[in-house]
Amino acid sequence: MKKVLLPEKIVPEAMILLGEKANVVVAEDSSEESILAEIDDTFGIVLRSKAKITRGIMDAAPELRVISRTGVGYDNIDVQAATDHKILVCNLPGINAVSVAEHAMTFILSLAKQISTMDAFVRSDQWEKRSSTEAIDVKGKTLGIIGLGRIGREVMKLAYAFGMSVLVFDPYLSSMKSEVTFSKTVEEIFIQSDFVSIHVPNLPETSRMVGWDLLRLMKPSSFFINTSRGGVVDEKALVRVLSEKRIAGAALDVFENEPITPDHPLTAMKNVVLTPHSAALTRECKVKMAVEAVRQVIDCIEGRIPPHIVNSEQLIV
Ligand code: NAD
């Protein structure tokens, strides 16, 4: 049986599936040294997010033919080195779209209903304060979506189910579907929306695309939500609009530098909901990600072409 290396453990469902087709070895930890200790006769790697697969590792891996990511991003793999070594890099586009979209919708509802504040009232024996806050209904409110890709589309469906209007900015999709209301400028999204939710990739062109110039256009009653990547938002500008009460609140799953520390200014703000980059960490999603990543390795073991190859010019398995 071919050897498949796991720099980090994966869920039992995926371990069992892989164990039927391969000799599965779990590295001692996800460090380069531990991977190097096992790599020389390894055919495939199932890769979560901690370990980095470098050119040095590939140089030491004459048998390596496939590196299969359990998620969408593959910035922990040197793809150019993989291509040079004729190693397939596989990922799973869209695998976590529903989980992340549900997280974004949960943020929207949590901000609207002031769940954190209300929860704190109950726990601190301040029940009578419940009418001092102004929770709102989302029905009839406008959600601005920036980036209508796999996740953005799922968010749009959820927003429609709650009776919201949706306004979209995605310059790469302007000719799409008639049921989508496109905004010509990103500024219009910030001016008109009650909630703005961003779902763009983290690229040089999107780096800090949401800064003071856009955030200052928002209504004082509006909310900003980011479940994409911390790098697409200028965090200092966001802290400023929140502390100056130019917007009503924000909810963030992702940050410029992760993990954030307890002294980060956002942690002291009551009008902010924070989660630790956990939007895709649902039970269902973890199982799906690991099982589908394993299936792509099994495809390679059995001589089939896996469905999601990043460096598709390398089709020789
Ligand atoms: P996707 O590639 O399917 O969609 C991205 C969309 O953004 C595309 O439609 C593209 O046209 C659009 N876009 C690109 N540049 C734009 C710009 N300047 N302005 C407006 N739109 C622009 O990606 P996806 O799978 O929907 O993922 C979206 C984001 O969510 C990514 O940043 C991804 O890393 C992130 N993500 C976060 C988590 C999490 O755990 N929080 C999990 C998965 C994905």
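Below or above, wherever it landed, is the structure these notes cover. (Residues numbered from 1 in each chain as written. Predicted model: local features only at pLDDT ≥ 70, side-chain atom pairs only at ≥ 80, totals over all residues. Heavy atoms only, no water.)

**Some details on the environment of glutamate 134**
Phase 1 of the analysis: With respect to the helices and strands, glutamate 134 occurs in the loop between helix H6 (115-123) and strand E6 (142-146).
Phase 2 of the analysis: Accessibility expressed as a relative area gives 69% for glutamate 134, which makes it exposed.
Phase 3 of the analysis: The spatial distance from the C-alpha of glutamate 134 to the C-alpha of glutamine 114 is 8.0 Å, given a sequence separation of 20 residues. (Helix = DSSP H or I, 4+ residues; strand = E, 2+ residues; numbered from the N terminus. Buried < 20%, exposed > 50% of the residue type's maximum accessible area, 1.4 Å probe, protein only.)

**A look at the site of the ligand**
Phase 1 of the analysis: Around the ligand sit 26 residues, and of these Ile151, Asp170, Val200, Thr227 and Asp253 come closest.
Phase 2 of the analysis: In this structure, a nitrogen atom belonging to the ligand sits 2.9 Å away from a side-chain N or O atom of aspartate 253.
Phase 3 of the analysis: Contact between the ligand and histidine 277: an oxygen atom at 3.4 Å from a side-chain N or O atom of the residue.
Phase 4 of the analysis: About the coverage of the ligand: the protein hides 84% of its 870 Å² of free accessible area.
Phase 5 of the analysis: Residues of the shell around the ligand, tallied by class, amount to 14 nonpolar, eight polar and four charged. (Near = heavy atom within 4 Å. Polar contact = N/O pair within 3.5 Å; in protein donor to acceptor, adjacent residues only side chain to side chain. Areas by Shrake-Rupley, 256 points an atom, 1.4 Å probe, with all protein chains shown as cover. Nonpolar A, V, L, I, M, F, W, Y, C, P; charged D, E, K, R; others polar.)

**Description of the sheet that holds E6**
Phase 1 of the analysis: Strand order in the open sheet made by the seven strands is E8-E7-E6-E9-E10-E11-E12, with parallel pairing throughout. Looking along the sheet, the strands with just one partner apiece sit at the ends: strand E8 (181-182) and strand E12 (272-274).
Phase 2 of the analysis: The strands touched by helix H10 (residues 235-243) within the sheet are strand E10 (223-226), strand E11 (249-252) and E12, with E11 carrying the most contacts at an inclination of about 145°. (Pairing = 2+ DSSP bridges. Contact = heavy atoms within 4.5 Å. Axes fitted to C-alpha atoms, helices over the stretch in contact; angles between N-to-C directions.)

**Concerning the packing of helix H5 (residues 97-113) against helix H7 (residues 150-161)**
Phase 1 of the analysis: For the pair H5 and H7, interaxial distance at closest approach is 8 Å and the crossing angle is 50°. Taken together, the axes of H5 and H7 are oblique relative to one another. The way H5 lies across H7 gives a crossing that is right-handed. Where H5 abuts H7, its residues Ala97, Val98, Val100, Ala101, Glu102, Ala104 and Met105 lie against Arg150, Ile151, Glu154, Val155, Leu158 and Ala159.
Phase 2 of the analysis: Grouping the amino acids of the contact of H5 with H7 by side-chain chemistry returns ten nonpolar, no polar and three charged. (Parallel < 35°, antiparallel > 145°, perpendicular 65-115°, else oblique. Left-handed = near helix turned anticlockwise from the far one by under 90°.)

Spatial relationships are all this shows, so hold off on functional conclusions.
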